[in-house]
Amino acid sequence: MTKVAPSILSADFCKMAEAVDNLKKWNADIVHCDVMDGVYVPNITFGMPMVKALRKYTDMPLDAHLMITLPEKYVGQFCKAGADIVTFHPEASKDVRGALDEIKAHGKKCGLAVNADQSLDIAIPYMDEIDLLVIMTVQAGFGGQSFKEECLDKVRAADKIRRERGLKFEIEVDGGVCPANIQVVKDAGTDIAVAGSAVFCAENPNLAVKLMQI
């Protein structure tokens, strides 16, 4: 079954505790936290204090997706704040392996994210070290963008590599995923679907989550 990780970025920032409580009621699997610094991407969201605050209100896994420059400077702090999974973009780092090792040293799951305009090649050297590979199906930086189906070619290629090499990392697709396209997303080899507005803006969020857990 595809796990669903609603992005808290699409929730009402004045009601974040209520939002994570609702995600549990809606039977979502993971809370996806989009961290943006205004440098790597042209938008600013939130940082460690928000993750720490969310940790107090939920026992659901927190997946911190760091869209920031020099993530190696901050991954440890996100782990300490309560993130269960920490992913970052390798091209934004000067020490990819060091950042991955630090996340593991905190006993957390580590991952890499491949932006819509990046080749899968950027993540291949680290595939035997990661727990999660995030394939962006929109350009990182803003919520509510249209799904880029051509990016699923990277999902298919990554799935082929992990099967051929016997690797265990999960594949997460992030960007524009909704009930209307979840089947093609799953068929490509996806294990986890990130969905923001498709859940939080749905008329029936519980049903939206259920329709994507296929």
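Our subject in this report is the structure included herewith.

Attention shifts here to the sheet that holds strand S2 (residues 31–36). Spatially, the eight strands line up as an open sheet ordered S1-S8-S7-S6-S5-S4-S3-S2, and their pairing is parallel. For this open sheet the edge positions go to strand S1 (3–6) and S2, each flanked by a neighbour on one side alone. Each strand of the sheet is rotated relative to its neighbour by a mean of 25°, with strand direction disregarded.

So, on to the packing of helix H1 (residues 16–25) against helix H2 (residues 48–57). For the pair H1 and H2, interaxial distance at closest approach is 9 Å and the crossing angle is 55°. When the axes of H1 and H2 are compared, the pair comes out oblique. Between H1 and H2 the crossing geometry is right-handed. For the pair formed by H1 and H2, the contact residues are Met16, Ala17 and Val20 on the first element and Met50, Leu54 and Tyr57 on the second. Taken together, the residues of the contact of H1 with H2 break down into six nonpolar, no polar and no charged.

Turning to the pairing of strand S8 (residues 192–195), a few remarks are in order. Covered by surrounding structure in S8 are Ile192 and Val194 together with Ala193 and Ala195, the residues of both alternating faces. Bridge analysis of S1 against S8 gives four bridges, and the strand direction is parallel. Considered in S8, the bridge of Pro6 is made with Ala195. As paired strands, strand S7 (residues 170–174) and S8 are joined by three bridges and run parallel to one another. What sits directly across from Val173, in S8, is Ala193. For the crossover that starts at S7, traverses helix H6 (residues 182–187) and ends in the parallel S8, the hand is right-handed.

Turning our eyes to something else, we now look at the nonpolar core. Core analysis: the biggest nonpolar cluster contains 62 residues, and Ile8, Leu23, Leu66, Phe88 and Leu133 have the highest contact counts within it. Setting aside chain neighbours within four positions, we find Leu133 in contact with Leu112, Val114, Leu120, Ala123, Met127, Ala158, Phe169, Glu170, Ile171 and Glu172.

Take the pairing of strand S6 (residues 132–136) next. In terms of residue burial, S6 counts as a mostly covered element, since five of its five residues are buried. Across the two faces of S6 the burial is the same, with Leu132, Val134 and Met136 and Leu133 and Ile135 all buried. Bridge count between strand S5 (residues 109–114) and S6: four bridges; the pairing is parallel. Within S6, the position partnered with Gly111 by the bridge is Leu132. Note that S6 and S7 share five bridges and pair parallel.

For Asn27, which is not glycine, the phi torsion reads 65° and is therefore positive. A positive phi angle is found at Leu70, which is not glycine, with a value near 45°. Structurally, Leu70 can be placed in the loop between strand S3 (62–67) and helix H3 (75–81). You can call Leu70 partly exposed: its relative accessible area is 27%.

Here the second largest pocket defines a volume of roughly 160 Å³. Ranked by the residues each element gives to the lining of the second largest pocket, the list is headed by H1, at three residues. When grouped by side-chain class, the residues that make up the lining of the second largest pocket number four nonpolar, one polar and three charged.

On to the packing of aromatic side chains, then. Scanning all chains against the criterion turns up two aromatic pairs. Ring geometry for Trp26 and Phe200: centres 5.8 Å apart, planes at 65°, overall edge-to-face. Here Phe200 lies in helix H7 (residues 197–200) and Trp26 lies in the loop between H1 and S2, a separation of 174 residues in the sequence. No difference in accessibility class separates Trp26 from Phe200, as the two residues are buried.

Take the pattern of salt bridges next. A complete count under the given rule lists nine salt bridges for this structure. Measuring nitrogen to oxygen at the nearest pair gives 2.8 Å for the salt bridge that ties Lys3 to Glu170. Placement of the pair is Lys3 in strand S1 and Glu170 in strand S7, with a sequence separation of 167 residues. Measuring nitrogen to oxygen at the nearest pair gives 2.8 Å for the salt bridge that ties Asp153 to Arg156. Note that Asp153 and Arg156 are positioned in helix H5 (residues 152–165) at a spacing of three residues, about one turn of the helix.

Rules of the game
- Residues numbered from 1 in each chain as written.
- Predicted model: local features only at pLDDT ≥ 70, side-chain atom pairs only at ≥ 80, totals over all residues.
- Heavy atoms only, no water.
- Pairing = 2+ DSSP bridges.
- Helix = DSSP H or I, 4+ residues; strand = E, 2+ residues; numbered from the N terminus.
- Axes fitted to C-alpha atoms, helices over the stretch in contact; angles between N-to-C directions.
- Parallel < 35°, antiparallel > 145°, perpendicular 65-115°, else oblique.
- Left-handed = near helix turned anticlockwise from the far one by under 90°.
- Contact = heavy atoms within 4.5 Å.
- Nonpolar A, V, L, I, M, F, W, Y, C, P; charged D, E, K, R; others polar.
- Buried < 20%, exposed > 50% of the residue type's maximum accessible area, 1.4 Å probe, protein only.
- Right-handed = clockwise from strand over helix to strand, strands pointing away.
- Core = buried A, V, L, I, M, F, W, Y, C linked by side-chain atoms within 4.5 Å.
- 1 Å grid on protein atoms, 1.4 Å probe; cavity = no way out; pocket = protein on both sides within 12 Å on 5 of 7 lines; lining within 4 Å.
- Points joined across faces, edges and corners; volume = space filled by probe spheres on them.
- Phe/Tyr/Trp six-rings, centres within 6.5 Å; stacked < 30°, edge-to-face > 60°.
- Salt bridge = Lys/Arg side-chain N within 4 Å of Asp/Glu carboxyl O.

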